[in-house]
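# Structural characterization, general
In case you want the letters, here they are:
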There are 2 protein chains.
Amino acid sequence: MLKSLANKPEKAAGEAEAAGPQPPTASLHGEVLTRLRDYIVEGNLADGDRVPERELCALFGISRTPLREALKVLASEGLLDLLPNRGARVRALTKRDLTELFDVMGGLEGLAGRLACENITDEQLAEIEGLHYEMYACYLRRDLHGYFQYNQKIHQKIVAAAGNAILASTYASFAGRLRRVRYSANLARERDRWSEAMREHEAILDALRRKAGQELSDIMFHHLRNKRSALAGGDEN
Amino acid sequence: MLKSLANKPEKAAGEAEAAGPQPPTASLHGEVLTRLRDYIVEGNLADGDRVPERELCALFGISRTPLREALKVLASEGLLDLLPNRGARVRALTKRDLTELFDVMGGLEGLAGRLACENITDEQLAEIEGLHYEMYACYLRRDLHGYFQYNQKIHQKIVAAAGNAILASTYASFAGRLRRVRYSANLARERDRWSEAMREHEAILDALRRKAGQELSDIMFHHLRNKRSALAGGDEN
DNA sequence: AAGAAAATTATTGAATTCATTTTTTCCGTT
DNA sequence: AACGGAAAAAATGAATTCAATAATTTTCTT
């Protein structure tokens, strides 16, 4: 295991980079955190796996101190469990977690829709319309993968159009947590309500055009709630 | 500065507690984090103050390593800024931060109201009714402080009644961030719309009784939005 | 040979150490 | 006296070290 993501495989400290004039910033500040989060979100570790400190230190070319700082942060984000004296483990989302997460995402996206109606520019709206039609094209040709891509982009753009940075970062954090599960078989169940979801997206675009914030807020929540329901029939956890 | 919160002023390591059979857990795990967060949230440091690592280490009786881990977590929560090579500072909420936070709180409380209508028990509803009338009594006798207390409790109880742990912890995190500002002069402006707020709370309780989730969601958002507007007239930041 | 106990090894949590960077102090110049 | 810059002091960031705890292996007993 441990996919090769390393840039400096070993002996990071003590030897200067022979390479050219790198920007003097590039500090490991959020760097380690981001790399480790990506590493976990991208699914390099399985649910429940213990996080191998020493291996990751070697992989990232750092000592345990900054790595453990990142572990604490990721635990506070809900990505890891911290077991006293027995290290960090990748937190497996229970069915309940999933349910709760989808509702919270629904609340956040509902808020995003409402605020987007207040703040969206014509350009942003046009961009979302474009994505919507691309997505519709995917739907027509039964391209589920493409559909998901555009779908996600549309949701992201609506959040962006809300113009609320705190909302955006909160949304991104939860989306990351869901991403570990997003591409699993569970999500393929969305296919069963594909046409329904497509109709919901028509309603979303319509409400957004009319700047009907309250209505859009409601549609967004129910859109997520329906997605949640499609999953709730699942069997695991 | 540095209020005396210490339990073990010094030499924490290396000497066993003479006291009785403490649970073998009690590890400093979330302990340092919680203590530091409380310390900051309670306003022991002013906006923009640098966080005095060494002093807090002495105060908490720990070394820099666990303290810095906590600093990273609190920075990721938005309570601190981490400046490369020049330490952590208490993040001052800009007016924009405040605006955004209130909207996000509005979204979360709207969600909480909606879910509460789905999940609230009769006991929980009765408890909220009780708090509501206590709050109303404070309003009648112009007890602003008491009013705030009950107000906060009601909002917390609605969030709790939603029965979504992830929502609850997210809400708590943002509430903590607002708490630093909550008791400031800014909030006294609420007095100007006291009767309006009181009416809104009547509507909240009414919708909750009728389990009108969609309606309550909307009321909650606007309730927060109105509170936000009462602040928006402010002058600083 | 199976299971229990002991010893060994590895891992974890936290203190300490060390190089680097920033901040402050001190001193000389104008 | 004000300014600029060198030297000293303090802080930060990260590696290393160390005690504790947990996991593993080995040895002993039956």
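See the structure printed just above.
The structure displayed is predicted, hence computed values, not measured ones.

## Side note on the overall build of chain A
- Counting secondary structure elements, chain A contains 10 helices and two strands.
- Secondary structure of chain A in N-to-C order comes out as α-α-α-β-β-α-α-α-α-α-α-α.
- Residues classed as buried in chain A amount to 45% of the 237 residues present.
- Residue pairs at least 24 apart in sequence account for 76% of intrachain contacts in chain A once pairs closer than 6 positions are excluded.
- Taken as a whole, chain A presents about 11900 Å² of accessible surface, with 50% of it coming from carbon and sulfur.

## Some details on the interface of chain B and chain A
- On the chain A side, the residues contacting the 33 residues of chain B number 33 residues.
- Summed over both partners, the interface of chain B with chain A buries about 2900 Å², with 57% contributed by carbon and sulfur atoms.
- At the boundary of chain B with chain A, the tally comes to eight salt bridges.
- With its nearest N and O atoms 2.8 Å apart, the salt bridge here joins Asp 218 of chain B to Arg 114 of chain A.
- In this assembly, chain B and chain A are joined by 16 residue pairs in polar contact (both at pLDDT 80 or more).
- Ranked by the residues each element gives to the side of chain B that touches chain A, the list is headed by helix α4 (residues 95–119) of chain B, at 12 residues.
- Here the residues of the side of chain B that touches chain A sort into 12 nonpolar, nine polar and 12 charged.

Reading guide: rules and limits
Residues numbered from 1 in each chain as written. Chains lettered and ligands numbered in written order. Predicted model: local features only at pLDDT ≥ 70, side-chain atom pairs only at ≥ 80, totals over all residues. Heavy atoms only, no water. Helix = DSSP H or I, 4+ residues; strand = E, 2+ residues; numbered from the N terminus. Buried < 20%, exposed > 50% of the residue type's maximum accessible area, 1.4 Å probe, protein only. Contact = heavy atoms within 4.5 Å. Areas by Shrake-Rupley, 256 points an atom, 1.4 Å probe, with all protein chains shown as cover. Buried area = accessible area lost by both parts, 1.4 Å probe. Salt bridge = Lys/Arg side-chain N within 4 Å of Asp/Glu carboxyl O. Polar contact = N/O pair within 3.5 Å; in protein donor to acceptor, adjacent residues only side chain to side chain. Nonpolar A, V, L, I, M, F, W, Y, C, P; charged D, E, K, R; others polar.

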